[in-house]
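Understanding the architecture of this molecule
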Amino acid sequence: IVFLAASVAVTPLSQLLGVTPILGYLFVGAVLGPHALNVFSSGVAGVELGDFGILFLLFSEGLEVTATKLNKLLTYLPLGIAQLSLTTGVLTFCILAGGAQFLGGVLPLDQGLINVNNPSEALVLALAGMLSTSAFVFPVLKERKWEEEDVGRA
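Before going into details, it helps to say that this report is about the structure given with it. Throughout, a residue's number is its position along its own chain's written sequence, starting from 1. Given that the model is predicted, a residue must reach a pLDDT of at least 70 before its local features are reported, and side-chain atom pairs must reach 80 or more before they are shown or counted; all residues, however, enter totals for whole chains, interfaces and linings. Derived side-chain values reflect all non-hydrogen atoms in the structure, with water molecules and hydrogen atoms excluded from consideration.

Some remarks on the overall build of the protein chain
The condition that has to hold: Helix and strand assignments follow DSSP, with helices taken as H or I runs no shorter than four residues and strands as E runs no shorter than two, numbered in order from the N terminus. Remark: exposure states derive from per-residue accessible area (1.4 Å probe, protein chains only) relative to the maximum for the residue type, with buried under 20%, exposed over 50%, and partly exposed in between. Contacts: residue pairs with any heavy atoms within 4.5 Å of one another. In this description, accessible areas are obtained by the Shrake-Rupley approach with a 1.4 Å probe, and a residue is regarded as covered only by the protein chains that are shown.
Helix and strand content of the protein chain: nine helices and zero strands. The order of α-helices and β-strands along the protein chain, N terminus first, is α-α-α-α-α-α-α-α-α. Looking at the 154 residues of the protein chain, the share that counts as buried comes to 12%. Partitioning the intrachain contacts of the protein chain with sequence separation of at least 6 by distance along the chain shows that 51% fall at a separation of at least 24. By element, 73% of the accessible surface of the protein chain is carried by carbon and sulfur atoms, the whole surface being about 11100 Å².

Regarding the side chain of Ser14
Here Ser14 lies in helix α1 (residues 2–17). Take Ser14: its relative accessible area is 4%, and that puts it in the buried class. For Ser14, the residues in contact, after removing those within four places along its chain, are Val19, Thr20, Pro21 and Gly24.

A short note on helix α7 (residues 119–131)
Test applied: The length a helix should cover is 1.5 Å for every residue beyond the first. Arc definition: it is the arc formed by the directions from the helix axis to the C-beta atoms. We define a polar contact as two N or O atoms separated by no more than 3.5 Å, with the added condition that, inside protein, one atom must be a possible hydrogen donor and the other a possible acceptor, whereas residues neighbouring each other in sequence contribute only through side-chain atom pairs.
For α7, built from 13 residues, the straight-helix expectation of 18 Å at 1.5 Å per residue is met to within 8% by its first-to-last C-alpha distance of 18 Å. Residues of α7 that are buried include every one of Ala122, Ala126 and Met130, and no others. Along the axis of α7, the buried positions cluster into a sector of 65°, meaning they face one direction only. Exposed side of α7, more than 90 degrees from the buried face: Val124 and Leu131 are the residues found there. Along its buried surface, α7 packs onto α5 (77–106). For α7, the capping residue at the N-terminal end is Asn118, with a side-chain oxygen 3.0 Å from the backbone nitrogen of Ser120.

A few points about the side chain of Thr88
Mapped onto the elements, Thr88 comes out in helix α5. A distance of 2.7 Å separates a polar side-chain atom of Thr88 from the backbone oxygen of Leu84. Apart from residues lying up to four places away in sequence, Thr88 is in contact with Leu123, Ala126, Leu127 and Met130.

A short note on the packing of α1 against helix α2 (residues 21–32)
Convention followed: Helix axes are fitted to C-alpha atoms over the stretch in contact, other axes to C-alpha atoms as well, and angles between N-to-C directions run from 0 to 180 degrees. Any angle that is under 35 degrees is reported as roughly parallel, and any over 145 degrees as roughly antiparallel; angles of 65 to 115 degrees are reported as roughly perpendicular and all others as oblique. Each helix crossing is assigned a hand: it is left-handed if the near helix lies turned anticlockwise from the far helix by less than a right angle, otherwise right-handed if that turn is clockwise. Residue type decides the class: Asp, Glu, Lys and Arg count as charged, Ala, Val, Leu, Ile, Met, Phe, Trp, Tyr, Cys and Pro as nonpolar, and the leftover types, Gly among them, as polar.
Packing of α1 against α2 brings their axes to within 9 Å, and their N-to-C directions diverge by 140°. Accordingly, the angle class assigned to the pair α1 and α2 is oblique. Viewed along their axes, α1 and α2 form a crossing whose handedness is right-handed. Of α2, the residues touching α1 (which contributes Val2, Ala6, Ser7, Val10, Thr11 and Ser14) are Pro21, Gly24, Tyr25, Val28 and Leu32. Taken together, the residues of the contact of α1 with α2 sort by class into seven nonpolar, four polar and no charged.

Quick word on the packing of α5 against α7
The interhelical angle for the contact between α5 and α7, taken along N-to-C directions, is 130°, at an axis separation of 8 Å. Classified by the interaxial angle, the pair formed by α5 and α7 is oblique. Viewed along their axes, α5 and α7 form a crossing whose handedness is right-handed. Between α5, through Leu84, Thr87, Thr88, Leu91, Thr92, Ile95 and Leu96, and α7, the contact on the second element is made entirely by Pro119, Ala122, Leu123, Leu125, Ala126, Leu127, Gly129 and Met130. Of the residues that constitute the contact of α5 with α7, the class distribution is 11 nonpolar, four polar and no charged.

Focus on the environment of Gln101
Its place among the elements puts Gln101 in helix α5. Gln101 gets classed as partly exposed once you look at its relative accessible area, which sits at 35%. A C-alpha to C-alpha distance of 7.3 Å links Gln101 and Asn115, two positions 14 residues apart in sequence.

Examining a nonpolar patch on the surface
Quick reminder of the rule: Patches draw on residues past 30% relative accessible area with no salt bridge. Two like charges within 9 Å are joined, as are two nonpolar side chains (Val, Leu, Ile, Met, Phe, Trp, Tyr) within 5 Å. A side-chain nitrogen of Lys or Arg and a carboxyl oxygen of Asp or Glu constitute a salt bridge if their distance falls within 4 Å.
Nonpolar side chains collect at one region of the surface, where Leu13, Leu16, Leu17, Val19, Leu23 and Leu26 lie side by side and expose about 590 Å² of accessible area between them. Taken together, the elements giving at least two residues each to the nonpolar patch come down to α1 and α2. With three residues, α1 is the single largest residue contributor to the nonpolar patch. Mapped onto the elements of the fold, Leu16 is located in helix α1.

Written as structure tokens, this is what we have:
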């Protein structure tokens, strides 16, 4: 019930403020989460709800993919691979160079995320951070109607 009420309130409020609802959902999730109001009695429920959110995001994006759109995207494949590789490399370096410790001083992070010295762990965290940006970018492209322009397709 709390999630439903939050989602009903966030969408119109986000539109009123002129921001994407994804940012509103993240803000409400942070407020309801364990580091603020601690509304969740079970951490497992929060993880499962997050998994459903990811599934719904992927499903909604998958509904809009056509064979024609995929063929057009093939021209941007080398550029996409370069972006993924460079972003992952930079994030991995930042994590290994102490970026997690710096964020741990500013934000309440899990101790397991702060003490990352293994390059494999840093790579996994960097990949997760790099891929999570699509949750922000896709709704903004849709909201500004840039999906069909060259900049939105690339």
